[in-house]
Amino acid sequence: MHDILENEAQRGLASAWKDWISVIKPRIMTSNLFCAFAGYCLASRWKFEWPGLAFMLVGTALIIAAASMANNVLDRFRDVHMERTRSRPLPGGRLSPRIVAAAAIAAGLIGLATLYVFVNPLSMALGFVGIFVYVAIYTAWLKPTSTWSTSVGGISGAMPPMIGYCGFSNELNLGAWLLFLVLFLWQPPHFWALGILKKDEYRAAGYPLLPVVKGVRRTKWQMLPYVAALFPVTYLLYAHDCVGAAYLLISTVLLGIWFLQCLSGLFTKDDRGWAKTSFKFSLYFLTLSFLTIIVETALR
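Analysis parameters
- Residues numbered from 1 in each chain as written.
- Predicted model: local features only at pLDDT ≥ 70, side-chain atom pairs only at ≥ 80, totals over all residues.
- Heavy atoms only, no water.
- Helix = DSSP H or I, 4+ residues; strand = E, 2+ residues; numbered from the N terminus.
- Rg over C-alpha atoms; globule rule 2.2 N^0.38 Å.
- Buried < 20%, exposed > 50% of the residue type's maximum accessible area, 1.4 Å probe, protein only.
- Areas by Shrake-Rupley, 256 points an atom, 1.4 Å probe, with all protein chains shown as cover.
- Lys, Arg positive; Asp, Glu negative; His and termini not counted.
- Charge placed at Lys NZ, Arg CZ, Asp CG, Glu CD.
- Core = buried A, V, L, I, M, F, W, Y, C linked by side-chain atoms within 4.5 Å.
- Contact = heavy atoms within 4.5 Å.

1. Structural notes on the overall build of the protein chain
In terms of regular secondary structure, the protein chain is built from 13 helices and zero strands. Starting at the N terminus and ending at the C terminus, the protein chain contains elements arranged as α-α-α-α-α-α-α-α-α-α-α-α-α. The C-alpha radius of gyration computed for the protein chain amounts to 20 Å, which stays within 12% of the reference 19 Å derived for 300 residues, consistent with globular compactness. For the C-alpha atoms alone, the extent of the protein chain along its principal axes is close to 70 × 50 × 35 Å. Taking all 300 residues of the protein chain together, the buried fraction comes to 49%. When the accessible area of the protein chain is evaluated, it comes to approximately 14200 Å², of which 68% is carbon and sulfur surface. The protein chain carries 26 positive and 15 negative side-chain charges, and their two centres are separated by 8 Å.

Here's what the structure looks like:
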């Protein structure tokens, strides 16, 4: 009997750990820390200040965790209406909203303090903007009320590479702003593709996402200018010697393919298949272009 109770306790502990890991959204955290590291590489040219880099990543990770936990708390009532979210720990009743909210506040404050004390005040300010926009403006205000949520929410998603860049440079120069534009412009077409794929679920949850309110075809049209705007931003990064020819070539080719893929959506009837491909390719573009920054800055 003792062994049975011990095994049950171990399974319960393992399940609790999985629930806590899920509320910090590890995939989102990993991709954001990857972008933050790329931003640091771009500013430092691999002349790393190792303690500063480590504290920048830790502080940024804590801020992302705080924002994700707060998002889970605020979205829990609508999450029960969506197939992909109803099994999350909060709508499933496995974690207490009060405890998760307290953990979010603690993680956010520790993350901001880490950036302020061990990196620089500018990085802390950018982290504060990111968490404030994501939690207060995007999640609490716009996401349940407006189609503008995706575009405005892009501000918070564009903060990690800026934090990484300014964690070394300690100034908001052109390189930092161009990195911001890459992420800010990338996010709406990336998320709208997911929105088209999960349109019925977002409608059931009551989210006024663009595909739900304006329709799929309007959303496809609106994706095009965002992807197109990434072309001049990519060139400006090269023209101002922030990146080299490899980044310009790889990113331009990937953008060209992505733009044509988005354009093809206007002529297809298989919206789900098209949206799934577009969503995946947006991830390929971001990963490969930022990986090129990391590798290229090491070799320049």
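2. Focus on the nonpolar core
Membership of the largest hydrophobic core comes to 85 residues, with the highest contact counts inside it found for V182, Y202, W258, F290 and I293. Those residues in contact with V182 that sit more than four places away from it in its chain are L230, V233, L237, Y247 and F290.

3. Quick look at the environment of G273
Position of G273 relative to the elements: it lies in helix α13 (residues 271-299). On the accessibility criterion, G273 (27% relative accessible area) is partly exposed. Placed 176 residues apart in sequence, G273 and P97 show a C-alpha to C-alpha distance of 36 Å.

Nothing here speaks to function; it is geometry throughout.
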